[in-house]
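# Survey of secondary and tertiary structure
Given next are the chains, with one letter for each unit.
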Amino acid sequence: MPEETALDAALGGAGARRRPALSYPRSVSESPPESPAAAAPASLPRLLLTVLAALAGALLAVWVHLPLPWFTGPLLALAAVNIAGAHLPSLPFARDAGQWIIGIALGLYFTPEVIRAVLHLAPWVLAATGFMLLLGLAGAWALRALTGESGTTAFFAMAIGGASEMAAQAERHGARVDRVAAAHSLRIMLVALIVPFALQWSGVQGADPYEPAARVFDWAGFAVLLAVTGGGAAVLLRLGAPNVFMIGPLLVAAALTGGGIALSSLPTPVLNGGQLLIGIALGTRFSPEFFRAAPRFLAAVALVTLGYLAVAALFGWGLSVIAGMTVATAVLATTPGGIGEMALTAKLLKLGAPIVTAYHSVRMALVVLLIGPLYRLVRALAQRGRR
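Parameters and conventions
Residues numbered from 1 in each chain as written. Predicted model: local features only at pLDDT ≥ 70, side-chain atom pairs only at ≥ 80, totals over all residues. Heavy atoms only, no water. 1 Å grid on protein atoms, 1.4 Å probe; cavity = no way out; pocket = protein on both sides within 12 Å on 5 of 7 lines; lining within 4 Å. Points joined across faces, edges and corners; volume = space filled by probe spheres on them. Helix = DSSP H or I, 4+ residues; strand = E, 2+ residues; numbered from the N terminus. Nonpolar A, V, L, I, M, F, W, Y, C, P; charged D, E, K, R; others polar. Buried < 20%, exposed > 50% of the residue type's maximum accessible area, 1.4 Å probe, protein only. Contact = heavy atoms within 4.5 Å. Salt bridge = Lys/Arg side-chain N within 4 Å of Asp/Glu carboxyl O. Core = buried A, V, L, I, M, F, W, Y, C linked by side-chain atoms within 4.5 Å. Polar contact = N/O pair within 3.5 Å; in protein donor to acceptor, adjacent residues only side chain to side chain. pLDDT = per-residue confidence, 0-100.

## Details of the layout of surface pockets
One simple way to see leftover space: roll a probe sized like a water molecule over the atoms. Considered as a void within the structure, the second largest pocket measures approximately 290 Å³ in volume. In this structure, the second largest pocket is lined by 17 residues; those nearest its centre are I247, L250, L251, S361 and V362. Secondary structure elements with two or more residues in the lining of the second largest pocket: α11 (244-258) and α17 (353-386). The class makeup of the residues in the lining of the second largest pocket is 15 nonpolar, 2 polar and no charged.

See below:
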């Protein structure tokens, strides 16, 4: 039996209806984590327009007191103008640079006390990762039922992992890479917007006991910190690891902090700049064609994502009771969003940033390692059940 037919049967259908190919912009298809600048060089005036639109969005967000204004403002502003037809490009390496900054900021939290707290929660971190894998399977079944999409495409579209890694796996197994990439772009944007808004409007504000070890800014120490964390990203890039510009700087900064070495604090303007860069990278993924190409599919992805948020919130509440965490920290730790966006939310709202970071870092790494074997297991079980 063809693997596609067997997996379709496992996810609730006898075979996907054939659909015409989509023509997403490169930023949300072949190369989902990067911007149109990665596909074609953008002129300097258009790059300046992108920066101006992002800054305007950030300042407006600050003025109206939106949560994470230096992230949500640029994201919403650029998504709005691009969907309206502006086609503003991303800045080259915007997401990488933004993640580098956020990775350093989070790594500075990992004092020996924090490391002990994270190790104490290790069993619950693994349990949360297992929950995310199961939630992804349920989401694939729901997407398959709502759209008639192929089982393989639905599986990788709704797996709660990094966009780049899931798109690569989708291509390897013959799924629709354009739809997988679009699904992850939409999920990440929805979660990144809904969760901070929900927490702020519900009045959640933590009394975080965790503070960065480095409290004083030092120019020489900051230069050394940039150099060694950049080296960490380069090593992981050489090894082919996922999300290297977040995880590499995070690991190096955490190792330095855990060893009692405080080189420098991270100035607030630099942290705001990191948020702005990530907002630019996410906001410029969208275009008029994004929603017109497959409205039913993307509407179903949005609906499943809302279901994810509801189920994950319930799981986070239960985890908080069992593991002795605050409810808001546990919910953020188990929210199906990106590591940078969720950890940044925890940091700015003082909701246990190192704990949330540890949960999402382990989840991301394990999903990348396990998603291929899990796909083969589901396919094998489906084939066995059809005999």
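## Observations concerning the side chain of Q169
Tracing the backbone through its elements, the reader meets Q169 in helix α8 (residues 163-172). Given a relative accessible area of 11%, Q169 falls into the buried group. Setting aside anything within four residues of it in sequence, one finds Q169 in contact with F156, V368, I371 and G372.

## Thoughts on the pattern of salt bridges
Any two side chains of opposite charge can pair, on the condition that their charged atoms come close. Enumeration according to the criterion identifies 3 salt bridges in this entry. Close ionic contact of D178 with R176 constitutes a salt bridge, the shortest N to O distance being 3.5 Å. In terms of burial, D178 and R176 fall into one category: buried.

## Some remarks on the nonpolar core
Most often, soluble globular proteins keep nonpolar side chains buried together rather than apart. In this structure, L143, F297, M325, L332, Y359 and I371 are the most contacted members of the largest nonpolar core, which totals 97 residues. Sort the elements by how many residues they give to this core and helix α9 (residues 177-201) lands first, with 13 residues. In terms of nonpolar packing, the next biggest core, distinct from the first, is built from 12 residues, A58, A94, L277 and A281 among them.

## Quick notes on the environment of S287
Structurally, S287 is set in the loop between α12 (268-283) and α13 (288-293). Under the relative-accessibility criterion, S287 is labelled buried at 3%. A polar side-chain atom of S287 sits 3.0 Å from a polar atom in the side chain of E289.

## Here's the deal with the environment of V331
As for its placement among the helices and strands, V331 is situated in helix α15 (residues 327-333). Considered as a pair, V331 and F315 are 16 residues apart in the sequence and their alpha carbons are 7.6 Å apart. Aside from chain neighbours lying at most four places away, what touches V331 is A313, G316 and W317.

## Considering the confidence of the model for the protein chain
Overall, the predicted model of the protein chain reaches an average pLDDT of 85, with 88% of residues at or above 70. Predicted confidence in the protein chain is weakest over helix α1 (residues 3-10), with a mean pLDDT of 58, and strongest over helix α14 (residues 295-323), with 95. The model gives residues 14-39 a pLDDT under 50, and that stretch makes 72 contacts with residues more than four places away or in other chains.

## Some thoughts on unusual backbone geometry
Generally, phi is negative for residues other than glycine and the peptide bonds are trans, each holding for most cases. One non-glycine residue with positive phi stands out, namely F93, at about 60°. We note that K350 has phi near 55°; this positive angle belongs to a residue other than glycine. As for its placement among the helices and strands, K350 is situated in the loop between α16 (339-348) and α17. Residue class for K350 comes out partly exposed when judged on its relative accessible area of 38%.

## Some points on α8
An α-helix turns once per 3.6 residues; consequently, residues spaced three or four apart project the same way. Of all the residues in α8, the buried ones are A163, E165, M166, A167, Q169 and A170. Positive backbone phi, at 80°, marks G174, one or two positions downstream of α8.

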